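Spelled out, the chains give:
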Amino acid sequence: MKRLFLIVILALVIGETRVLGIRWYNATSAAGWSARSGHTSVVYDGKMWVIGGSEGWAKQMKNDVWWSMDGVTWIEATPSAEWSQRAHHASVVYNGKMWVMGGTDLNNPPQYNRNDVWWSTDGVAWFQATANADWTGGDLFSATVFDGKMWILGGNDNGTVLYDVWYSTNGVNWTRAADFGGFVRNSNPLVEYDSKMWVLGGRGFLFSPPQFEYYNDVWYSPDGVSWTRDTQSAPWRKRWGHTSVMYNNRMWVLGGDSVFCFNDVWYSDAIPPEVEERTYLQDEILISSITPNPFNYETRIRYKLPKATEVCISIYNLIGQQITTLVNEYQSAGWHTAIWDSGDKYDRLVGSGVYFYHINSGKYNKTGKLYLIR
């Protein structure tokens, strides 16, 4: 049993190579935090976080902080952080801390745009690194961590588009690296995955006639110069002021705004046909989809076998105990679906929690997480 549990953990560490952005699933249409845009999201301490934001343009600004481990159930870390209420700020995880930088604070005129920098190790207590960073106070900029530094790119300062790029190793001292042209869009999240940067939706401006344009497309770039469109129209509504994080090998989209604010949550973990066929030709088991996940009763595991073989698919709990066996038979090459109705081997329903599926077929093994929420 211990050996089997180690196999499960090892498979999770190795992970599965996925190309994201094609299929999206709705984790919840009404999260615990109020509908908002202009918030930030990060992954820290094994959780997804939602930080600040606004309940609509020129409406109530927020300085609350929330976290979740599954995108469905959200816990409030603090209703009022030490930094002022704000939206369209930036957040990153760097040097073991969560950081909040800049943004717009409509509750404190005349200096609406901020250039202060804050950090926290638990989401509850926040500490100010600097009240006035070297870069111009602004909002709608993107931030990321790259090459051992925190970076901020572009943004908006009272209607003036900013094209500067800055970096810092401590949040106090900032160095201006360069100006950039690049991808013409703001109010969009920027995430890193598979040695690429990803842009998801956002807002642009059309000059004829003059108007804002909103997007729900997905783009990626390996260098920030050359961009490839992964999908033209994702199933989530066109939006700006939303956030995105990488969590559990998935790309997540949270909240946002177009005509009104959203508090929906979406994720993507699909494999396009060309990657799917390449994996198949490599003579490995291919997991196409696990839907729904999270789930509250039944989930389906769709997989492809490169050749006819004996197959065993079992479910385990967090301490390595076998809950039930879904498949234990000889199967033909091609596509198959295993269904788990959240029952154990005695047909008793199990409780909410994290479970593991393990597919064994001779020397081939695949393992992954299942999230059961009652």
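Thresholds applied
- Residues numbered from 1 in each chain as written.
- Predicted model: local features only at pLDDT ≥ 70, side-chain atom pairs only at ≥ 80, totals over all residues.
- Heavy atoms only, no water.
- Helix = DSSP H or I, 4+ residues; strand = E, 2+ residues; numbered from the N terminus.
- Buried < 20%, exposed > 50% of the residue type's maximum accessible area, 1.4 Å probe, protein only.
- Areas by Shrake-Rupley, 256 points an atom, 1.4 Å probe, with all protein chains shown as cover.
- Contact = heavy atoms within 4.5 Å.
- Salt bridge = Lys/Arg side-chain N within 4 Å of Asp/Glu carboxyl O.
- Pairing = 2+ DSSP bridges.
- Core = buried A, V, L, I, M, F, W, Y, C linked by side-chain atoms within 4.5 Å.
- Polar contact = N/O pair within 3.5 Å; in protein donor to acceptor, adjacent residues only side chain to side chain.
- Phe/Tyr/Trp six-rings, centres within 6.5 Å; stacked < 30°, edge-to-face > 60°.
- Lys NZ or Arg CZ within 6 Å of the ring centre and 35° of its normal.
- Axes fitted to C-alpha atoms, helices over the stretch in contact; angles between N-to-C directions.
- pLDDT = per-residue confidence, 0-100.

Q: So what about the overall build of the protein chain? Which residues, and what values?
A: Summing up its helical and strand segments, the protein chain has 2 helices and 27 strands in all. Per-residue burial over the protein chain gives 53% buried out of 374 residues. When the accessible surface of the protein chain is totalled, it reaches about 17200 Å², and 52% of it is carbon and sulfur.

Q: Residue-level account of the environment of Ile75, with values.
A: Mapped onto the fold, Ile75 is located in strand S5 (residues 74–78). The exposure class assigned to Ile75 is partly exposed, which follows from its relative accessible area of 37%. Ile75 sits 26 residues away from Trp49 along the chain, and the two C-alpha atoms are 9.4 Å apart. Residues within four places of Ile75 in sequence aside, it is in contact with Val65, Trp66 and Trp67.

Q: Any details on the pattern of salt bridges? Residues and values, ideally.
A: Proximity of charged atoms lets side chains of opposite charge pair with each other. This model, assessed by the stated rule, comprises 8 salt bridges. In this structure, Arg86 and Asp116 form a salt bridge, with 2.8 Å as the shortest nitrogen-oxygen distance. You can see Arg86 sitting in the loop between S5 and strand S6 (90–94) and its partner Asp116 sitting in strand S8 (residues 113–120), a full 30 residues away along the chain. Asp116 carries the same exposure label as Arg86, and that label is buried. Close ionic contact of Asp344 with Arg348 constitutes a salt bridge, the shortest N to O distance being 3.0 Å.

Q: Break down the pairing of S6 for me, citing the residues and quoting the values.
A: Counting buried positions over the 5 residues of S6 gives 4, a clear majority of the element. Sheet analysis places S6 next to strand S7 (residues 97–104), joined by 5 bridges and oriented antiparallel. Note on S7: the bridge partner recorded for Val93 is Met98. Here S6 folds back onto S7, and the loop between the two strands holds 2 residues, one of which, Asn95, carries a positive phi near 55°.

Q: Tell me what's going on with the nonpolar core, and back it up with residues and numbers.
A: Of all hydrophobic cores here, the largest spans 21 residues; its most connected members are Tyr303, Trp340, Tyr355, Tyr357, Ile359 and Leu370. For this core, the elements supplying multiple residues, two or more each, are strand S21 (286–291), strand S22 (299–305), strand S23 (309–316), strand S24 (322–331), strand S25 (334–340), strand S26 (353–361) and strand S27 (364–372). Look past the residues within four positions of Leu370 in its chain and what remains in contact with it is Ile290, Asn293, Phe295, Thr299, Ile315, Trp340, Gly353, Val354, Tyr355 and Tyr357.

Q: Account for the side chain of Asp257, naming residues and giving values.
A: As for its placement among the helices and strands, Asp257 is situated in strand S19 (residues 250–257). Taking relative accessible area as the criterion, Asp257 reaches 6% and is therefore assigned buried. Of the polar contacts made by the side chain of Asp257, one reaches the backbone nitrogen of Phe260; its length is 3.5 Å.

Q: Could you give me a rundown of the packing of aromatic side chains, with the residues and numbers involved?
A: Summed over all chains, the structure comprises 12 aromatic pairs. Taking 5.8 Å as the distance between ring centres and 65° as the angle between the ring planes, the aromatic pair formed by Phe295 and Trp340 counts as edge-to-face. Here Phe295 is found in the loop between S21 and S22, whereas its partner Trp340 is found in strand S25, with 45 residues between them in sequence. A cation sits over an aromatic face here: Lys47 above Trp67, 5.1 Å from the ring centre.

Q: Hey, could you go over the sheet that holds S8 for me, with residue numbers and the actual values?
A: With respect to topology, 4 strands assemble into an open sheet ordered S6-S7-S8-S9, the strand pairing being antiparallel. Of all the strands in the sheet, the pair left with one neighbour each is S6 and strand S9 (127–130). Here the strands of the sheet are splayed against their neighbours by 30° on average, with no regard to which way each runs. In terms of strand pairing, S8 meets S9 through 3 bridges, oriented antiparallel. Its bridge partner lying in S9, Val117 is registered against Thr130.

Q: Break down the environment of Tyr25 for me, with residues and values.
A: Position of Tyr25 relative to the elements: it lies in strand S1 (residues 25–28). Among the residues examined, Tyr25 registers a relative accessible area of 19% and is labelled buried. The sequence separation of Tyr25 and Asn293 amounts to 268 residues, and the corresponding C-alpha distance is 8.8 Å.

Q: Describe the confidence of the model for the protein chain, naming the residues involved and giving the relevant values.
A: Summarising the model, the protein chain shows a mean pLDDT of 80, and 80% of its residues fall at 70 or more. For the protein chain, per-element mean pLDDT is lowest for helix H2 (residues 273–281), which scores 40, and highest for S9, which scores 97. Confidence over residues 1–20 falls short of pLDDT 50; this stretch has 43 contacts with residues more than four positions distant or in other chains. Throughout residues 270–282 the model reports pLDDT below 50, and contacts reaching past four residues in sequence, or to other chains, amount to 20 contacts.

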